[in-house]
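# Remarks on the overall topology
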Amino acid sequence: MTELPLSLDGESVPIVIETAIVAGWTGRDQAALREHIAELSELGVTPPSKTPLFYRVSAARVTCDQEIESTDTSSGEVEAVLLAARGKLWVGLGSDHTDREVEAYGVAVSKQMCEKPIAPAFWAYDDVAAHWDQLELRSWIVEGGSEVLYQEGNLGSLLPAEELISSAGLEDGSVMFCGTFAARDGIRPSDSFRYELVDPVLERRISSRYLVRRLPLIH
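So, a few notes on the structure that sits alongside this text. Just so you know, the residues in each chain are numbered from 1, in the order the chain's sequence is written. This being a predicted model, a pLDDT of at least 70 is required before a residue's local features are given, and a value of 80 or more before pairs of side-chain atoms are given or counted; all residues contribute to the totals for chains, interfaces and linings. To get the side-chain values, all heavy atoms of the structure are used, and hydrogens and water are removed first.

## Thoughts on helix α4 (residues 161-168)
Since the α-helix turns once every 3.6 residues, residues separated by three or four places project in the same direction. Whether a residue is buried, partly exposed or exposed follows from its accessible area with a 1.4 Å probe, protein chains only, as a fraction of its type maximum: under 20%, in between, or over 50%, in that order. Only runs of H or I of at least four residues qualify as helices and only runs of E of at least two qualify as strands under DSSP, and these elements are numbered from the N terminus. Taken together, the buried positions of α4 are occupied by A161, L164 and I165. The buried residues of α4 occupy an angular sector of 100° when the element is viewed end-on, so they sit on one face. Note on definitions: a residue-residue contact is assigned when non-hydrogen atoms from the two residues lie within 4.5 Å. Tucked into the core, α4 has its buried residues touching β3 (19-24), β4 (53-57), β8 (78-85), β9 (88-95) and β15 (174-177). A positive phi of about 65° marks G169, the residue just after α4. The directions considered for the arc are those from the helix axis to the C-beta atoms.

## Looking at the pattern of salt bridges
Any Lys or Arg side-chain nitrogen found within 4 Å of a carboxyl oxygen on Asp or Glu counts as a salt bridge. The tally for this structure, following the rule as stated, stands at 19 salt bridges. A salt bridge links E67 to R213; the nearest nitrogen and oxygen atoms lie 2.6 Å apart. Separated by 146 residues along the polypeptide, E67 in strand β6 (residues 67-70) and R213 in strand β17 (residues 204-214) bring together distant segments of the chain. The class of E67 is partly exposed, set by a relative accessible area of 38%. Of the charged contacts in the structure, one is a salt bridge between E152 and R184, with a shortest N-O distance of 3.0 Å. A residue pair is termed long-range when its members are at least 10 positions apart, and E152 in strand β14 (residues 146-154) and R184 in the loop between β15 and β16 (192-199) qualify at 32 residues. Under the relative-accessibility criterion, E152 is labelled partly exposed at 37%. The network of salt bridges with common partners includes E136, R138, E152, R184, E196 and R205.

## A short note on the sheet that holds β14
Should DSSP find at least two bridges between two strands, the strands are regarded as paired. Strand order in this open sheet of five strands is β6-β17-β16-β13-β14, and the pairing throughout is mixed. Looking at the sheet topology across the chains shown, the edges are occupied by β6 and β14. For this sheet, the mean angle separating the axes of adjacent strands, direction not counted, is 25°. Pairing of strand β13 (residues 136-143) with β14, which is carried by eight bridges, proceeds in the antiparallel orientation. Pairing of E136 across the sheet is with N154, part of β14. Axes here refer to lines fitted to C-alpha atoms; in helices the fit is confined to the stretch in contact. Angles between the N-to-C directions go from 0 to 180 degrees.

## Things to note about the layout of surface pockets
Vacant regions in the atomic arrangement are exposed by a probe of water-molecule size rolled over the atoms. Here a cavity means grid points, on a 1 Å grid over the protein atoms only, where a 1.4 Å probe fits yet cannot get out; a pocket means an open set of points with protein on both sides within 12 Å along at least five of seven lines; lining residues are those with an atom within 4 Å of a point. Grid points are joined across faces, edges and corners, and a volume is the space filled by probe spheres set on the points. There is about 660 Å³ of room inside the largest pocket. Taken together, 33 residues make up the lining of the largest pocket; nearest its centre are L33, H36, T180, F181 and A182. When residues of the lining of the largest pocket are traced back to their parent elements, those giving at least two are β3, α1 (30-42), α2 (100-103), α3 (107-112) and β14. Broken down by element, the lining of the largest pocket gets its largest block of residues, four residues, from α1. A class-by-class count of the residues in the lining of the largest pocket yields 15 nonpolar, 10 polar and eight charged. Nonpolar residues are Ala, Val, Leu, Ile, Met, Phe, Trp, Tyr, Cys and Pro. Charged residues are Asp, Glu, Lys and Arg, and all others, Gly as well, are polar.

This is the structure in structure tokens:
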């Protein structure tokens, strides 16, 4: 359990998070999803027992901090985040930060061991439900001293929100990370992760950034 200072449609309120869920394998194109699973299998990642899968992580991992501590082999993933609070659903922005080395032997553990940064701002889900598929996600990392585009796509390439909501059964005090896109030029770590959610219909955006302080690995 954790309490975070969030902004729900511009109203600043403390929200207690009791349950955190990471939805995995949420690609809408099933042929592409199977191909992605096969690629990961070649890297040693165990295929999912079914798709999608809903991984539970500690609610205490969810944070609005702009700096986290993590491993050398971890990296961010931009995702839409659904929040159930005050009797309503809200949509925001987060990063499913994941350890890629651990992912090879345990996807759930790789997610459970890392912080889950979110931006504090959320929109009412009802305001975007009709154009959910048009919402856009992007992320950037820093390489060689310059910021480069890391991920880009719209939510139409992932499973519909209603399908995820009905499968996960969100209750008040729950957050769910809704899935992500492939990284350009492959998954890789960075000490800086900037990410955004864009609503092209209502012409607004949520954006945030966090830094990663690498934990030393001592043998």
